[in-house]
Amino acid sequence: MEFLFSNYKPLDTPYRTFADTFYSLIPEATRMDIAVGYITADSLAELKQTIAYNSNIETLNLLIGMHRWDKFTKLEYNAASDLNDYLRGEGRGEVRLVTPFKFHGKLYCYSDSSGAFAGIIGSNNLSSIVESGSRTYEASSLFREPENAKKMRSFIEDLSVKATDNLADCEINDFRQNNLLLENHEHVEKIPHDRLADCVSALTDTRFVIPLVKDGKVPEKSNLNVFFGKGRLITRTGVIQPRHWYEAELIVPSTVTSLAGYPQKETAGAVFDVITDDGWKFSCKVSGDYSKNFRSEDDLKILGKWIKGRLENAGVLEVGQPVTPETFQQYGRDNFSLTKAGSGNLWYLDFGVNH
């Protein structure tokens, strides 16, 4: 048995993390059976992309234990349905929902042609396969005794047969409304209304429009669509992992970065704080040739969650689907503004629309 810990500082340990172990077992497996309490939309999208990249996984069965009672967000439900449709369409498994009771276990079982050979059990929900930014410290354990792995798989199969329905057969029309991707996110602060008002009242005339569509196109595999770019090959395991759904780094045209007052790379103003029109505060950075790269400073996913989360909440973007010019057309805006606030190193980002 091997312990698996989150290893967030200051509690770093010699043990591996859940995510490292989850992916490291994939090259050995032809089948995965997963039964968890909670899922997230981005973890479902990443799981689907991982299965698509790694064809040795012939079967994936995912049982979701808590959302029949605690409800899905619309975004989570659509991502789960998309994975279910993909698996069934490919003949590679399905997504099922536990219906008669709440199931809060977290079981991950790996099998090959000889049967189940490894399992992970502990506190990690499916969201742990992606970096969420929440720093919730989790603890699980890995066992590689086939006898115990077969018992785990037998339990998951029993649970599936006796207490679940395929997601497509469940009538779900009532959704959880809160979907605050940046709530309690590391390196992000939610600011009160009076501080937002102070920021807006201090806006200067130094304002730039950052386009999200160029020549009528949105890059298909970069910027906001890096998820669809080349996955990361983990050389020590051979697993190809997708880029995170919310990872984003924008390329700003030189016609904007060359304007007077635009933040310049390798200067004191290259890293700056931003307050957004919907009340979040985080740091951004410019870098690269002619300061063309625009990203969130501490975590590439923060800027992506701010922009793509707005599109998702507006109902014009589904997790796992590419951002296109039509996405912005439906949203009502294909740019955001960057405006200097006061004389310090604070800027205001506005991606608001009037629906």
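Given the structure is predicted, the values throughout are model-derived calculations rather than measurements.

On to the domain arrangement of the chain. Split by domain assignment, the chain resolves into domain 1 (2–169) and domain 2 (188–350). The distance between the C-alpha centroids of domain 1 and domain 2 comes to 31 Å. Domain 1 puts 20 residues into the contact, and the matching count from domain 2 is 24 residues. At the junction of domain 1 and domain 2, the tally comes to zero salt bridges. If you look at where domain 1 meets domain 2, you find five residue pairs in polar contact (both at pLDDT 80 or more).

Another aspect to go through is the environment of glycine 332. Within the secondary structure layout, glycine 332 lies in the loop between helix H9 (325–331) and strand S17 (335–341). Each C-alpha atom of the pair glycine 332 and isoleucine 275 lies 21 Å from the other, and the pair is 57 residues apart in sequence.

Interaxial distance between helix H2 (residues 41–53) and helix H4 (residues 74–90) falls to 8 Å at its minimum, and their mutual angle equals 15°. When the axes of H2 and H4 are compared, the pair comes out roughly parallel. Classified by chirality, the crossing of H4 by H2 is left-handed. Taking contact as the criterion, the partners of Ala41, Leu44, Leu47, Lys48, Ile51 and Ala52 in H2 are, on H4, Leu75, Glu76, Ala79, Ala80, Asp82, Leu83, Tyr86 and Leu87. Here the residues of the contact of H2 with H4 sort into eleven nonpolar, no polar and three charged.

Moving on, we get to the UniProt feature "domain: Restriction endonuclease type II NgoFVII N-terminal" (unreviewed entry) in the chain. As recorded in UniProt, the feature "domain: Restriction endonuclease type II NgoFVII N-terminal" (unreviewed entry) lies at residues 22–161. Across residues 22–161, helical content stands at 38% and strand content at 26%; the span's end C-alpha atoms are separated by 25 Å.

As a further point, take the side chain of histidine 185. With respect to the element layout, histidine 185 can be found in the loop between strand S8 (164–166) and strand S9 (189–190). Taking relative accessible area as the criterion, histidine 185 reaches 4% and is therefore assigned buried. Polar side-chain contacts of histidine 185 include one of 3.2 Å to the side chain of lysine 305. Setting aside residues up to four positions removed in sequence, histidine 185 forms contacts with Ser132, Gly133, Asp299, Ile302 and Lys305.

Attention shifts here to unusual backbone geometry. Glycine aside, the phi torsion of most residues is negative, and most peptide linkages are trans. In this chain, lysine 9 is followed by proline 10 through a cis amide linkage whose omega measures 10°. With respect to the helices and strands, proline 10 occurs in the loop between strand S1 (2–5) and helix H1 (18–24). With phi around 60°, asparagine 7 is a residue other than glycine that occupies positive phi space. Along the chain, asparagine 7 turns up in the loop between S1 and H1. What makes asparagine 7 buried here is its relative accessible area of 16%.

Within the secondary structure layout, glycine 309 lies in helix H8 (residues 300–313). A residue is classified by how much of its surface remains accessible, and glycine 309, at 4% relative accessible area, is buried. Taking the C-alpha atoms as reference, glycine 309 lies 15 Å from glutamate 249; in sequence the two are 60 residues apart. Ignoring sequence-local partners within four residues, the contact set of glycine 309 consists of Leu181, Tyr246 and Gly304.

The geometry of an aromatic ring pair is captured by two quantities: the separation of the ring centres and the angle between the planes. Taken as a whole and judged by the stated rule, the model has 24 aromatic pairs. A ring pair is formed by phenylalanine 3 and tyrosine 15, whose centres lie 5.8 Å apart and whose planes are at 80°; its orientation type is edge-to-face. Residue phenylalanine 3 is found in strand S1, and its partner tyrosine 15 is found in the loop between S1 and H1; the two are separated by twelve residues along the sequence. Under the relative-accessibility criterion, tyrosine 15 is labelled partly exposed at 37%. One aromatic cluster is present, built from ring pairs that chain together Phe208, Tyr262, Phe272, Phe294, Trp306, Tyr331, Phe336, Trp347 and Phe351. A cation sits over an aromatic face here: lysine 74 above phenylalanine 175, 5.5 Å from the ring centre. Its end group placed over the ring of tryptophan 347, lysine 340 keeps NZ or CZ at 5.8 Å from the ring centre.

Further remarks concern the sheet that holds S1. The strand order across the open sheet built from eight strands is S1-S7-S6-S5-S2-S3-S4-S8, with neighbouring strands paired in mixed fashion. Either end of the sheet is taken by a strand with one partner, and the two such strands are S1 and S8. Strand-to-strand twist of the sheet, defined as the mean angle between neighbouring strand axes without regard to direction, takes the value 20°.

Rules and cut-offs
Residues numbered from 1 in each chain as written. Predicted model: local features only at pLDDT ≥ 70, side-chain atom pairs only at ≥ 80, totals over all residues. Heavy atoms only, no water. Domains from an automatic or database assignment. Contact = heavy atoms within 4.5 Å. Salt bridge = Lys/Arg side-chain N within 4 Å of Asp/Glu carboxyl O. Polar contact = N/O pair within 3.5 Å; in protein donor to acceptor, adjacent residues only side chain to side chain. Helix = DSSP H or I, 4+ residues; strand = E, 2+ residues; numbered from the N terminus. Axes fitted to C-alpha atoms, helices over the stretch in contact; angles between N-to-C directions. Parallel < 35°, antiparallel > 145°, perpendicular 65-115°, else oblique. Left-handed = near helix turned anticlockwise from the far one by under 90°. Nonpolar A, V, L, I, M, F, W, Y, C, P; charged D, E, K, R; others polar. UniProt positions renumbered as here; feature names shortened; annotations may be inferred. Buried < 20%, exposed > 50% of the residue type's maximum accessible area, 1.4 Å probe, protein only. Phe/Tyr/Trp six-rings, centres within 6.5 Å; stacked < 30°, edge-to-face > 60°. Lys NZ or Arg CZ within 6 Å of the ring centre and 35° of its normal. Pairing = 2+ DSSP bridges.

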